[in-house]
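Spelled out from the first residue to the last, the chains are:
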Amino acid sequence: MRYQLAAPYLTNTEAKYLSKALSENWISSKGKNIIRFERETARYIGLKYGIAASNGTAALHLALLALGIGKGDEVIVPGLTFAATINSIIYTGAVPVIADIEKDSWCISPSAMAGAVTSRTRAVIAVHLYGQPCPMNEIMRTAAKNGIYVIEDCAESIGAEYAGRKIGSFGNVGCFSFYGNKIVTTGEGGMCITGRKDIAEKMAVLRNQGMNSSRRYWHDLVGYNYRMTNLQASVGLAQLEKIDVMLAKRVEIEDFYLDNLKDINCLKPQRGNLKNRKKVTWLVSYQFEPRKLSRDQVAYKLLKEGVETRNFFYPLSEMPVYRKYVRRECPVSQEISRKGINFPTNLNLRKADYRKITGAIKKVCAMN
Ligand SMILES: *Cc1c(COP(=O)(O)O)cnc(C)c1O
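Residues numbered from 1 in each chain as written. Predicted model: local features only at pLDDT ≥ 70, side-chain atom pairs only at ≥ 80, totals over all residues. Heavy atoms only, no water.

Colleague: Explain the overall build of the chain here, please?
Modeller: Along the backbone of the chain there are 12 helices and 14 strands. Over its C-alpha trace the chain gives a radius of gyration of 21 Å, about what one expects of a compact globule, namely 21 Å for 368 residues. Buried positions account for 57% of the 368 residues belonging to the chain. (Helix = DSSP H or I, 4+ residues; strand = E, 2+ residues; numbered from the N terminus. Rg over C-alpha atoms; globule rule 2.2 N^0.38 Å. Buried < 20%, exposed > 50% of the residue type's maximum accessible area, 1.4 Å probe, protein only.)

Colleague: What is the right way to look at unusual backbone geometry in this model?
Modeller: If a residue is not glycine, its phi is most likely negative; likewise, a peptide bond is most likely trans. At N25, a residue that is not glycine, the phi angle is positive and equals roughly 75°. Within the element layout of this structure, N25 appears in the loop between α1 (12–23) and α2 (32–45). A positive phi angle, near 60°, is found at Q209, a position not held by glycine. With respect to the helices and strands, Q209 occurs in the loop between α7 (197–207) and α8 (230–241).

Colleague: Sorry, what's going on with the sheet that holds strand β7 (residues 165–166) here?
Modeller: Either a parallel or an antiparallel arrangement is found when strands of a sheet pair, and the pairing is made through backbone hydrogen bonds. Strand order across the open sheet formed by three strands is β7-β6-β11, with antiparallel pairing between neighbours. With partners counted over all chains shown, the strands left at the sheet margins are β7 and β11 (277–278), one partner each. As paired strands, strand β6 (residues 161–162) and β11 are joined by two bridges and run antiparallel to one another. Bridge pairing in β11 places Y162 opposite R277. (Pairing = 2+ DSSP bridges.)

Colleague: Could you clarify how one ought to interpret α2 in this entry?
Modeller: In an α-helix, one full turn covers 3.6 residues, which means residues spaced three or four apart are oriented alike. Its 14 residues give α2 an end-to-end C-alpha distance of 20 Å, which sits within 8% of 20 Å, the value for a rise of 1.5 Å per residue. Buried residues of α2: N33, I34, F37, E38, T41, A42, Y44 and I45, and no others. All buried residues of α2 lie within an arc of 165° about the axis, which places them on one face of the element. Facing away from the buried surface of α2 by more than 90 degrees, the exposed residues are K32, I35, R39 and R43. (Expected span 1.5 Å × (residues − 1). Arc of directions from axis to C-beta.)

Colleague: Could you clarify how one ought to interpret the state of the cysteines in this entry?
Modeller: Simply put, the disulfide is a covalent bond whose two ends are the sulfur atoms of two cysteines. Tallied over the entire structure, the rule returns zero disulfides. Residue C134 stays outside any disulfide, its sulfur separated by 3.9 Å from that of C107, the closest cysteine. In this structure C134 comes out as buried when scored by relative accessible area, which is 0%. Sulfur of C330: no disulfide; nearest cysteine sulfur belongs to C107 and is 14 Å away. (Disulfide = S-S within 2.5 Å.)

Colleague: Would you mind showing me how to read the site of the ligand here?
Modeller: Among the 14 residues in the neighbourhood of the ligand, the closest are listed as T57, D153, E156, S177 and K182. At a separation of 2.5 Å, an oxygen atom of the ligand approaches a polar side-chain atom of T57. Between the ligand and D153, the relevant distance is 2.7 Å, taken from a nitrogen atom to a side-chain nitrogen or oxygen of the residue. For the shell around the ligand, the secondary-structure elements that each account for two or more residues are α3 (56–66) and α4 (83–91). In terms of residue class, the shell around the ligand is made up of four nonpolar, seven polar and three charged. (Near = heavy atom within 4 Å. Polar contact = N/O pair within 3.5 Å; in protein donor to acceptor, adjacent residues only side chain to side chain. Nonpolar A, V, L, I, M, F, W, Y, C, P; charged D, E, K, R; others polar.)

Set out below in C-alpha coordinates:
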(Lines give C-alpha, C1' and ligand atoms only; values in the text may rest on other atoms or scores of the structure.)
Protein backbone atom coordinates (compact mmCIF):
# COMPACT_ATOMS: atom_id res chain seq x y z
CA MET A 1 0.00 0.00 0.00
CA ARG A 2 1.24 3.45 -0.89
CA TYR A 3 -0.45 6.50 0.59
CA GLN A 4 -0.13 9.24 -2.02
CA LEU A 5 0.57 12.73 -0.74
CA ALA A 6 -2.07 14.35 -2.95
CA ALA A 7 -4.34 13.42 -5.84
CA PRO A 8 -7.29 14.90 -7.71
CA TYR A 9 -10.68 14.18 -6.15
CA LEU A 10 -12.93 13.35 -9.08
CA THR A 11 -16.56 12.28 -9.07
CA ASN A 12 -19.13 11.57 -11.78
CA THR A 13 -19.78 15.25 -12.44
CA GLU A 14 -16.35 15.83 -14.00
CA ALA A 15 -16.96 12.87 -16.35
CA LYS A 16 -20.45 14.12 -17.19
CA TYR A 17 -19.34 17.67 -18.09
CA LEU A 18 -16.32 16.38 -19.97
CA SER A 19 -18.24 13.91 -22.06
CA LYS A 20 -20.82 16.56 -22.92
CA ALA A 21 -18.04 18.88 -24.13
CA LEU A 22 -16.55 16.01 -26.13
CA SER A 23 -19.83 14.96 -27.69
CA GLU A 24 -20.54 18.56 -28.68
CA ASN A 25 -17.07 18.81 -30.24
CA TRP A 26 -15.89 21.77 -28.08
CA ILE A 27 -12.48 20.55 -27.02
CA SER A 28 -10.31 23.56 -27.79
CA SER A 29 -10.17 27.00 -26.21
CA LYS A 30 -13.57 28.10 -27.45
CA GLY A 31 -16.73 26.88 -25.78
CA LYS A 32 -19.25 27.87 -23.16
CA ASN A 33 -17.59 26.19 -20.20
CA ILE A 34 -14.58 28.50 -20.23
CA ILE A 35 -16.80 31.56 -19.83
CA ARG A 36 -18.90 29.75 -17.23
CA PHE A 37 -15.84 28.66 -15.27
CA GLU A 38 -14.48 32.21 -15.35
CA ARG A 39 -17.79 33.63 -14.18
CA GLU A 40 -18.28 31.06 -11.41
CA THR A 41 -14.74 31.40 -10.08
CA ALA A 42 -14.99 35.20 -10.05
CA ARG A 43 -18.30 34.95 -8.24
CA TYR A 44 -16.83 32.56 -5.67
CA ILE A 45 -13.99 35.01 -4.94
CA GLY A 46 -16.40 37.94 -4.93
CA LEU A 47 -15.14 39.99 -7.88
CA LYS A 48 -16.45 40.62 -11.35
CA TYR A 49 -13.88 39.32 -13.83
CA GLY A 50 -12.17 35.96 -14.31
CA ILE A 51 -9.58 35.30 -17.02
CA ALA A 52 -8.79 31.61 -17.36
CA ALA A 53 -5.23 30.66 -18.29
CA SER A 54 -3.28 27.56 -19.26
CA ASN A 55 -1.69 27.33 -15.80
CA GLY A 56 -1.04 29.31 -12.63
CA THR A 57 2.37 30.53 -13.76
CA ALA A 58 0.81 31.97 -16.91
CA ALA A 59 -1.84 33.66 -14.74
CA LEU A 60 0.89 35.37 -12.69
CA HIS A 61 2.72 36.41 -15.86
CA LEU A 62 -0.49 37.86 -17.35
CA ALA A 63 -1.19 39.83 -14.17
CA LEU A 64 2.30 41.36 -14.12
CA LEU A 65 2.16 42.24 -17.83
CA ALA A 66 -1.32 43.75 -17.58
CA LEU A 67 -0.08 46.02 -14.79
CA GLY A 68 2.67 47.21 -17.12
CA ILE A 69 5.54 45.64 -15.21
CA GLY A 70 8.75 45.04 -17.13
CA LYS A 71 12.38 46.03 -17.55
CA GLY A 72 13.64 48.53 -14.99
CA ASP A 73 10.98 47.61 -12.43
CA GLU A 74 11.29 45.71 -9.17
CA VAL A 75 8.73 43.31 -7.73
CA ILE A 76 8.88 42.08 -4.14
CA VAL A 77 8.44 38.35 -3.56
CA PRO A 78 8.51 36.26 -0.36
CA GLY A 79 11.57 34.16 0.48
CA LEU A 80 9.53 30.97 0.75
CA THR A 81 7.29 30.08 -2.19
CA PHE A 82 7.12 27.85 -5.23
CA ALA A 83 9.46 28.90 -8.06
CA ALA A 84 6.53 29.90 -10.30
CA THR A 85 6.08 33.09 -8.28
CA ILE A 86 9.58 34.43 -8.86
CA ASN A 87 9.92 32.98 -12.38
CA SER A 88 6.87 34.92 -13.56
CA ILE A 89 8.59 38.16 -12.49
CA ILE A 90 11.82 37.25 -14.28
CA TYR A 91 9.89 36.51 -17.51
CA THR A 92 8.80 40.18 -17.65
CA GLY A 93 12.36 41.50 -17.43
CA ALA A 94 11.65 43.03 -14.02
CA VAL A 95 13.92 42.30 -11.07
CA PRO A 96 12.49 40.25 -8.20
CA VAL A 97 13.48 41.37 -4.71
CA ILE A 98 13.25 38.66 -2.08
CA ALA A 99 11.82 39.56 1.35
CA ASP A 100 11.59 37.33 4.41
CA ILE A 101 8.42 35.74 5.80
CA GLU A 102 6.56 35.93 9.12
CA LYS A 103 7.34 33.30 11.72
CA ASP A 104 3.70 32.53 12.49
CA SER A 105 1.96 32.64 9.10
CA TRP A 106 4.93 31.66 6.88
CA CYS A 107 3.72 34.41 4.50
CA ILE A 108 5.59 37.57 3.50
CA SER A 109 6.40 39.82 6.44
CA PRO A 110 4.92 43.31 5.98
CA SER A 111 7.96 44.89 7.65
CA ALA A 112 10.36 42.95 5.41
CA MET A 113 8.23 44.03 2.46
CA ALA A 114 8.44 47.69 3.56
CA GLY A 115 12.20 47.29 3.95
CA ALA A 116 12.54 45.97 0.38
CA VAL A 117 10.82 48.95 -1.27
CA THR A 118 13.01 51.18 -3.46
CA SER A 119 12.21 53.92 -5.97
CA ARG A 120 11.95 51.18 -8.63
CA THR A 121 9.44 48.99 -6.79
CA ARG A 122 6.21 48.59 -8.76
CA ALA A 123 4.49 45.63 -7.12
CA VAL A 124 4.52 42.90 -4.52
CA ILE A 125 3.34 39.33 -5.03
CA ALA A 126 1.76 38.24 -1.75
CA VAL A 127 1.72 34.44 -1.62
CA HIS A 128 -0.91 32.79 0.58
CA LEU A 129 1.35 29.86 1.40
CA TYR A 130 0.23 26.35 2.39
CA GLY A 131 -3.39 27.46 2.82
CA GLN A 132 -2.60 30.37 5.14
CA PRO A 133 -3.76 33.91 4.24
CA CYS A 134 -1.22 36.74 4.23
CA PRO A 135 -1.68 39.66 6.64
CA MET A 136 -3.61 41.60 4.01
CA ASN A 137 -4.40 44.75 6.02
CA GLU A 138 -0.73 45.44 6.61
CA ILE A 139 0.27 44.48 3.05
CA MET A 140 -2.40 46.70 1.49
CA ARG A 141 -1.45 49.57 3.76
CA THR A 142 2.27 49.27 2.97
CA ALA A 143 1.49 49.00 -0.75
CA ALA A 144 -0.76 52.08 -0.70
CA LYS A 145 1.81 54.09 1.20
CA ASN A 146 4.44 53.29 -1.41
CA GLY A 147 2.17 53.46 -4.45
CA ILE A 148 2.76 49.87 -5.57
CA TYR A 149 0.48 47.17 -6.98
CA VAL A 150 -0.49 44.02 -5.12
CA ILE A 151 -0.79 40.68 -6.90
CA GLU A 152 -2.05 37.81 -4.77
CA ASP A 153 -0.69 34.33 -5.48
CA CYS A 154 -3.63 32.20 -4.30
CA ALA A 155 -2.42 28.96 -5.91
CA GLU A 156 -2.35 27.04 -2.63
CA SER A 157 -5.19 28.72 -0.81
CA ILE A 158 -8.43 29.05 -2.78
CA GLY A 159 -11.28 29.60 -0.32
CA ALA A 160 -9.16 31.08 2.49
CA GLU A 161 -10.44 34.33 3.99
CA TYR A 162 -9.09 37.48 5.56
CA ALA A 163 -11.45 39.66 7.60
CA GLY A 164 -14.39 37.73 6.17
CA ARG A 165 -13.37 38.28 2.54
CA LYS A 166 -11.97 35.66 0.20
CA ILE A 167 -8.28 35.98 -0.57
CA GLY A 168 -7.69 36.99 -4.17
CA SER A 169 -10.11 39.89 -3.80
CA PHE A 170 -7.75 42.34 -2.04
CA GLY A 171 -5.03 43.15 -4.55
CA ASN A 172 -5.18 44.37 -8.15
CA VAL A 173 -5.22 40.79 -9.44
CA GLY A 174 -5.63 37.42 -7.68
CA CYS A 175 -3.93 34.48 -9.40
CA PHE A 176 -4.99 30.86 -9.00
CA SER A 177 -3.57 27.50 -10.08
CA PHE A 178 -5.58 24.41 -10.95
CA TYR A 179 -2.66 21.97 -11.17
CA GLY A 180 -3.34 18.35 -10.23
CA ASN A 181 -2.33 18.69 -6.58
CA LYS A 182 -4.18 21.96 -5.93
CA ILE A 183 -7.48 22.26 -4.03
CA VAL A 184 -9.46 22.80 -7.24
CA THR A 185 -7.89 21.13 -10.26
CA THR A 186 -8.33 21.06 -14.00
CA GLY A 187 -5.19 18.96 -14.53
CA GLU A 188 -3.26 22.00 -15.63
CA GLY A 189 -4.89 25.41 -15.46
CA GLY A 190 -4.99 28.82 -13.88
CA MET A 191 -7.09 31.95 -13.46
CA CYS A 192 -6.70 35.69 -12.90
CA ILE A 193 -9.44 37.39 -10.89
CA THR A 194 -9.88 41.14 -10.82
CA GLY A 195 -12.53 43.77 -10.19
CA ARG A 196 -11.07 46.08 -12.82
CA LYS A 197 -12.53 45.88 -16.31
CA ASP A 198 -9.50 47.46 -18.00
CA ILE A 199 -7.05 45.02 -16.38
CA ALA A 200 -9.31 42.06 -17.25
CA GLU A 201 -9.47 43.15 -20.90
CA LYS A 202 -5.71 43.61 -21.05
CA MET A 203 -5.13 40.12 -19.66
CA ALA A 204 -7.61 38.62 -22.13
CA VAL A 205 -5.75 40.23 -25.05
CA LEU A 206 -2.33 39.16 -23.74
CA ARG A 207 -3.61 35.61 -23.30
CA ASN A 208 -4.63 35.46 -26.95
CA GLN A 209 -1.44 36.49 -28.82
CA GLY A 210 -2.22 40.18 -28.32
CA MET A 211 -5.05 40.00 -30.83
CA ASN A 212 -7.36 43.02 -30.91
CA SER A 213 -10.66 41.95 -29.38
CA SER A 214 -12.80 43.65 -32.04
CA ARG A 215 -10.56 43.27 -35.09
CA ARG A 216 -9.62 39.66 -35.79
CA TYR A 217 -6.00 38.88 -36.67
CA TRP A 218 -4.97 42.46 -35.94
CA HIS A 219 -2.29 42.44 -33.23
CA ASP A 220 -1.58 45.56 -31.21
CA LEU A 221 1.07 43.94 -29.07
CA VAL A 222 3.12 40.78 -28.70
CA GLY A 223 1.00 38.43 -26.61
CA TYR A 224 1.08 34.78 -25.66
CA ASN A 225 -0.95 31.65 -26.11
CA TYR A 226 -2.00 31.18 -22.50
CA ARG A 227 -5.52 29.92 -23.24
CA MET A 228 -7.35 27.26 -21.26
CA THR A 229 -9.31 24.56 -23.08
CA ASN A 230 -13.04 23.93 -22.77
CA LEU A 231 -12.16 20.41 -21.54
CA GLN A 232 -10.16 21.79 -18.62
CA ALA A 233 -12.95 24.26 -17.85
CA SER A 234 -15.48 21.41 -17.83
CA VAL A 235 -13.50 19.66 -15.12
CA GLY A 236 -13.07 22.96 -13.29
CA LEU A 237 -16.81 23.65 -13.23
CA ALA A 238 -17.49 20.26 -11.66
CA GLN A 239 -14.71 20.85 -9.12
CA LEU A 240 -15.95 24.30 -8.19
CA GLU A 241 -19.47 23.00 -7.57
CA LYS A 242 -18.15 20.87 -4.73
CA ILE A 243 -15.47 23.19 -3.37
CA ASP A 244 -17.19 23.61 0.00
CA VAL A 245 -17.44 19.84 0.40
CA MET A 246 -13.79 19.40 -0.59
CA LEU A 247 -12.61 22.13 1.78
CA ALA A 248 -14.58 20.57 4.65
CA LYS A 249 -13.06 17.15 3.93
CA ARG A 250 -9.61 18.71 4.01
CA VAL A 251 -10.28 20.30 7.40
CA GLU A 252 -11.44 16.90 8.65
CA ILE A 253 -8.18 15.34 7.50
CA GLU A 254 -6.09 18.06 9.14
CA ASP A 255 -8.07 17.78 12.37
CA PHE A 256 -7.40 14.05 12.43
CA TYR A 257 -3.65 14.69 12.25
CA LEU A 258 -3.87 17.43 14.92
CA ASP A 259 -5.76 15.12 17.21
CA ASN A 260 -3.55 12.10 16.73
CA LEU A 261 -0.15 13.83 16.67
CA LYS A 262 -0.75 16.33 19.47
CA ASP A 263 1.53 14.50 21.92
CA ILE A 264 4.43 14.09 19.46
CA ASN A 265 6.71 16.83 20.68
CA CYS A 266 9.12 16.85 17.74
CA LEU A 267 6.22 17.79 15.45
CA LYS A 268 4.73 21.26 15.57
CA PRO A 269 1.69 21.87 13.37
CA GLN A 270 1.16 24.87 11.10
CA ARG A 271 -0.59 27.66 13.01
CA GLY A 272 -4.37 27.51 12.97
CA ASN A 273 -6.49 30.57 12.29
CA LEU A 274 -4.50 33.69 13.07
CA LYS A 275 -6.12 37.06 13.82
CA ASN A 276 -8.58 38.07 11.07
CA ARG A 277 -7.75 34.96 9.07
CA LYS A 278 -9.47 31.77 8.07
CA LYS A 279 -7.05 29.30 6.56
CA VAL A 280 -7.82 26.38 4.30
CA THR A 281 -6.04 23.04 4.33
CA TRP A 282 -3.95 22.47 1.26
CA LEU A 283 -1.19 20.08 2.32
CA VAL A 284 -1.13 19.25 6.02
CA SER A 285 2.04 21.01 7.18
CA TYR A 286 4.28 20.44 10.18
CA GLN A 287 7.62 21.63 11.49
CA PHE A 288 9.88 18.73 12.44
CA GLU A 289 12.53 19.13 15.15
CA PRO A 290 15.42 16.72 14.41
CA ARG A 291 17.11 14.92 17.31
CA LYS A 292 18.41 11.45 16.50
CA LEU A 293 16.85 11.52 13.04
CA SER A 294 17.04 14.14 10.32
CA ARG A 295 13.92 15.20 8.48
CA ASP A 296 15.08 13.28 5.42
CA GLN A 297 15.60 10.13 7.47
CA VAL A 298 12.06 10.46 8.80
CA ALA A 299 10.75 10.89 5.27
CA TYR A 300 12.67 7.80 4.13
CA LYS A 301 11.40 5.67 7.01
CA LEU A 302 7.83 6.80 6.38
CA LEU A 303 8.14 5.99 2.69
CA LYS A 304 9.17 2.45 3.66
CA GLU A 305 5.88 2.32 5.59
CA GLY A 306 4.11 3.43 2.42
CA VAL A 307 3.60 7.03 3.53
CA GLU A 308 4.61 9.68 1.01
CA THR A 309 5.73 12.99 2.47
CA ARG A 310 7.05 16.17 0.94
CA ASN A 311 9.67 18.58 2.16
CA PHE A 312 8.82 22.28 2.13
CA PHE A 313 10.01 24.40 -0.77
CA TYR A 314 13.66 25.43 -0.59
CA PRO A 315 14.05 29.07 0.33
CA LEU A 316 14.56 31.08 -2.87
CA SER A 317 17.67 32.68 -1.36
CA GLU A 318 19.48 29.31 -1.18
CA MET A 319 19.18 28.45 -4.85
CA PRO A 320 22.08 29.76 -6.96
CA VAL A 321 19.74 30.70 -9.82
CA TYR A 322 17.94 33.22 -7.55
CA ARG A 323 20.88 34.20 -5.37
CA LYS A 324 21.42 37.49 -7.18
CA TYR A 325 17.97 38.69 -6.11
CA VAL A 326 18.81 38.55 -2.40
CA ARG A 327 19.50 41.90 -0.77
CA ARG A 328 18.86 40.85 2.80
CA GLU A 329 19.16 37.35 4.17
CA CYS A 330 15.94 35.50 4.97
CA PRO A 331 16.56 33.54 8.18
CA VAL A 332 12.89 32.80 8.84
CA SER A 333 12.34 31.42 5.32
CA GLN A 334 15.41 29.25 5.83
CA GLU A 335 14.31 27.86 9.17
CA ILE A 336 10.70 27.16 8.17
CA SER A 337 11.90 25.52 4.96
CA ARG A 338 14.50 23.34 6.69
CA LYS A 339 12.04 21.92 9.21
CA GLY A 340 8.94 21.77 7.03
CA ILE A 341 7.24 18.54 6.08
CA ASN A 342 3.90 17.82 4.41
CA PHE A 343 1.86 14.72 5.14
CA PRO A 344 -0.68 13.01 2.86
CA THR A 345 -3.71 15.24 2.28
CA ASN A 346 -5.58 13.13 -0.16
CA LEU A 347 -9.37 13.12 -0.34
CA ASN A 348 -9.41 9.64 -1.83
CA LEU A 349 -8.01 8.07 1.35
CA ARG A 350 -10.28 6.93 4.19
CA LYS A 351 -10.21 7.30 7.92
CA ALA A 352 -8.60 3.86 8.30
CA ASP A 353 -5.80 5.01 5.99
CA TYR A 354 -5.21 8.12 8.06
CA ARG A 355 -5.16 5.96 11.18
CA LYS A 356 -2.36 3.91 9.59
CA ILE A 357 -0.54 7.03 8.39
CA THR A 358 -0.58 8.74 11.80
CA GLY A 359 0.37 5.41 13.39
CA ALA A 360 3.43 5.22 11.14
CA ILE A 361 4.35 8.83 11.91
CA LYS A 362 4.13 8.15 15.65
CA LYS A 363 6.25 5.01 15.27
CA VAL A 364 8.98 6.80 13.30
CA CYS A 365 8.97 9.86 15.58
CA ALA A 366 9.47 7.58 18.58
CA MET A 367 12.92 6.77 17.12
CA ASN A 368 13.86 10.45 17.05
C1 LIG B 1 1.23 25.79 -7.94
C2 LIG B 1 1.70 27.14 -7.69
C3 LIG B 1 1.75 28.13 -8.70
C4 LIG B 1 1.36 27.93 -10.14
O5 LIG B 1 1.67 26.73 -10.64
P6 LIG B 1 1.21 26.09 -12.03
O7 LIG B 1 1.80 24.74 -11.92
O8 LIG B 1 1.83 26.91 -13.10
O9 LIG B 1 -0.28 26.08 -12.15
C10 LIG B 1 2.16 29.40 -8.34
N11 LIG B 1 2.48 29.70 -7.08
C12 LIG B 1 2.43 28.80 -6.08
C13 LIG B 1 2.77 29.24 -4.70
C14 LIG B 1 2.06 27.49 -6.36
O15 LIG B 1 2.03 26.59 -5.35
